[in-house]
Amino acid sequence: MTQPNCSHICSSYHQAIEFIGKRWMGMIIYTLLPGPKRYHEIHAAIPGISDRLLTERLNELVDAGLINKKFIDCSIKKVEYELTPNGLAFQEVIRSIQKWIDLCDFEKITKK
């Protein structure tokens, strides 16, 4: 079996890991997996995230095409966020990470 060309795959893989590995990015996606949520619902579901960082990450996810931002009742202040089909594709990734966490002693791995 031949190894695929690593220069393109490694670069794309690295960029994807760096993007999803940004602080709180995975938790925002995880929070939206069950369905659309308003800003305050996302904020309440992620203890410790600041308003500024949540807004920044939501905008990055919108720009990346992973979530949609929908205005409710023609109001600029009332918005709802939901995963796009590309965003929903993370469901398998999140399940795999959860399975890995369940299989190993994660606390031992993360201790320094």
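Our subject in this report is the structure included herewith.

Definitions and cut-offs
Residues numbered from 1 in each chain as written. Predicted model: local features only at pLDDT ≥ 70, side-chain atom pairs only at ≥ 80, totals over all residues. Heavy atoms only, no water. Helix = DSSP H or I, 4+ residues; strand = E, 2+ residues; numbered from the N terminus. Contact = heavy atoms within 4.5 Å. 1 Å grid on protein atoms, 1.4 Å probe; cavity = no way out; pocket = protein on both sides within 12 Å on 5 of 7 lines; lining within 4 Å. Points joined across faces, edges and corners; volume = space filled by probe spheres on them. Nonpolar A, V, L, I, M, F, W, Y, C, P; charged D, E, K, R; others polar. Core = buried A, V, L, I, M, F, W, Y, C linked by side-chain atoms within 4.5 Å. Buried < 20%, exposed > 50% of the residue type's maximum accessible area, 1.4 Å probe, protein only. Pairing = 2+ DSSP bridges. Patch = residues over 30% accessible without salt bridge, like charges linked within 9 Å, V, L, I, M, F, W, Y side chains within 5 Å. Areas by Shrake-Rupley, 256 points an atom, 1.4 Å probe, with all protein chains shown as cover. Salt bridge = Lys/Arg side-chain N within 4 Å of Asp/Glu carboxyl O.

## A few points about the side chain of Lys37
(1) Moving on: For Lys37, the location among the structural elements is in strand S1 (residues 37-38).
(2) Moving on: Discounting residues that sit within four places of it in the chain, Lys37 has contacts with Thr31, Leu32, Ile42, Glu80 and Tyr81.

## Some words on the layout of surface pockets
(1) Moving on: Empty space within the largest pocket amounts to approximately 400 Å³.
(2) Moving on: In this structure, the largest pocket is lined by 15 residues; those nearest its centre are Ile20, Gly26, Val93, Ile94 and Ile97.
(3) Moving on: Taken together, the elements giving at least two residues each to the lining of the largest pocket come down to helix H1 (6-20), helix H2 (25-32) and helix H6 (90-103).
(4) Moving on: The biggest single contributor to the lining of the largest pocket is H6, with six residues.
(5) Moving on: Of the residues assigned to the lining of the largest pocket, the class counts are 12 nonpolar, three polar and no charged.

## Here's the deal with the nonpolar core
(1) Moving on: Of all hydrophobic cores here, the largest spans 19 residues; its most connected members are Ile28, Leu32, Ile42, Leu58, Leu61, Ile67 and Tyr81.
(2) Moving on: For this core, the secondary structure elements donating two or more residues are H2, helix H4 (51-63), strand S3 (79-83) and H6.
(3) Moving on: Look past the residues within four positions of Leu32 in its chain and what remains in contact with it is Lys37, Ile42, Ile67, Tyr81 and Leu83.

## Re the sheet that holds strand S2 (residues 67-71)
(1) Moving on: Spatially, the three strands line up as an open sheet ordered S1-S3-S2, and their pairing is antiparallel. The strands lining the two open edges of the sheet, one partner per strand, are S1 and S2.
(2) Moving on: Across two bridges, the pairing between S1 and S3 is antiparallel. Across the sheet, residue Lys37 finds its bridge partner in S3, namely Tyr81.

## Things to note about a nonpolar patch on the surface
(1) Moving on: A grouping of Val93, Ile97 and Trp100 is seen on the molecular surface, where their side chains present a nonpolar patch of about 280 Å² in accessible area.
(2) Moving on: Within the element layout of this structure, Ile97 appears in helix H6.

## Remarks on the pattern of salt bridges
(1) Moving on: In this structure the tally under the stated criterion is six salt bridges.
(2) Moving on: Of the charged contacts in the structure, one is a salt bridge between Glu60 and Arg57, with a shortest N-O distance of 2.8 Å. In this pair, Glu60 and Arg57 are both assigned in helix H4, three residues apart and thus about one turn of the helix distant. With respect to class, Glu60 is no different from Arg57; both count as buried.
(3) Moving on: Because the salt bridges share partners, they merge into one network encompassing Lys22, Arg52, Glu56, Arg57 and Glu60.

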